[in-house]
Amino acid sequence: FADTDFNGRIRFINLTNTIINTLVGDFSIPNQNSGFAPNFAIGNPTGLALNKSQNLLYIANSPNSVIFQLNLTSNFIQIIAGSLFVSSGFSGDGG
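Presented here is a report on the structure given in the accompanying data block.

Calculation criteria
Residues numbered from 1 in each chain as written. Predicted model: local features only at pLDDT ≥ 70, side-chain atom pairs only at ≥ 80, totals over all residues. Heavy atoms only, no water. Helix = DSSP H or I, 4+ residues; strand = E, 2+ residues; numbered from the N terminus. Buried < 20%, exposed > 50% of the residue type's maximum accessible area, 1.4 Å probe, protein only. Contact = heavy atoms within 4.5 Å. Patch = residues over 30% accessible without salt bridge, like charges linked within 9 Å, V, L, I, M, F, W, Y side chains within 5 Å. Areas by Shrake-Rupley, 256 points an atom, 1.4 Å probe, with all protein chains shown as cover. Salt bridge = Lys/Arg side-chain N within 4 Å of Asp/Glu carboxyl O. Pairing = 2+ DSSP bridges. Axes fitted to C-alpha atoms, helices over the stretch in contact; angles between N-to-C directions. Polar contact = N/O pair within 3.5 Å; in protein donor to acceptor, adjacent residues only side chain to side chain.

## Considering the overall build of the protein
And step 1. Broken down by element type, the protein carries zero helices and eight strands.
And step 2. For the protein, the α and β elements follow one another from N to C terminus as β-β-β-β-β-β-β-β.
And step 3. For the protein, buried positions account for 25% of its 95 residues.
And step 4. Of all intrachain contacts in the protein linking residues separated by at least 6 positions in sequence, the fraction that spans at least 24 positions is 29%.

Listed below in structure tokens is the structure:
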């Protein structure tokens, strides 16, 4: 897997046949909280983590302060931490 920072895409690189496929990333659709991954506007991905046993890919998006979860079986992506529609920062203790 590769994140293409500032290109808004997550790509899968098949090392056997050297084919590169885009899993996530389409700038033509406005920001959303969940949806079908190939048609999803991811923004600027800044990190990836794979849960191989559950077939899940976690995508950090630091500029927007969110973490996405991509189900690699269904191609469904959703925000699991943070919000695209709330400014970043801290709250809860008056901060």
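## Describing a nonpolar patch on the surface
And step 1. Together, I13, L15 and I20 give the surface a local cluster of nonpolar side chains, amounting to about 320 Å² of exposed area.
And step 2. Position of I20 among the secondary structure elements: in strand β3 (residues 20–24).

## Comments concerning the sheet that holds strand β4 (residues 34–36)
And step 1. Here we have five strands laid out as an open sheet, ordered β4-β8-β7-β6-β5, and antiparallel in their pairing. Whereas interior strands pair on both sides, the edge strands pair on one side only; in this sheet they are β4 and β5 (47–51). Averaged over all pairs of adjacent strands, the angle between their axes in this sheet comes to 25°, without regard to strand direction.
And step 2. Alignment of β4 against strand β8 (residues 76–81), held across three bridges, turns out to be antiparallel. Of the residues in β8, the one forming a bridge with F36 is F76.

## Some thoughts on the pairing of strand β2 (residues 9–13)
And step 1. Pairing of β2 with β3, which is carried by four bridges, proceeds in the antiparallel orientation. Across the sheet, residue I10 finds its bridge partner in β3, namely V24.
And step 2. Linking β2 back to β3 in an antiparallel pair, the connection comprises six residues, with T18 at a positive phi of about 60°.

## Concerning the environment of Q78
And step 1. Its location among the elements puts Q78 in strand β8.
And step 2. In sequence terms Q78 and I67 are eleven residues apart; their C-alpha atoms lie 8.5 Å from each other.
And step 3. Not counting residues up to four positions away in its chain, the partners in contact with Q78 are N33, S34, I67, F68 and Q69.

## So, the side chain of Q69
And step 1. Its place among the elements puts Q69 in strand β7 (residues 66–71).
And step 2. At 3.1 Å, the side chain of Q69 and the side chain of Y58 are in polar contact.
And step 3. Setting aside chain neighbours within four positions, we find Q69 in contact with L56, L57, Y58, F76, I77, Q78 and I80.

## Regarding the side chain of N61
And step 1. With respect to the element layout, N61 can be found in strand β6 (residues 56–61).
And step 2. The contacts of N61, once residues within four sequence positions are left out, are I42, G43, N44, T46, V66 and F68.

The values are spatial; any link to function lies outside them.
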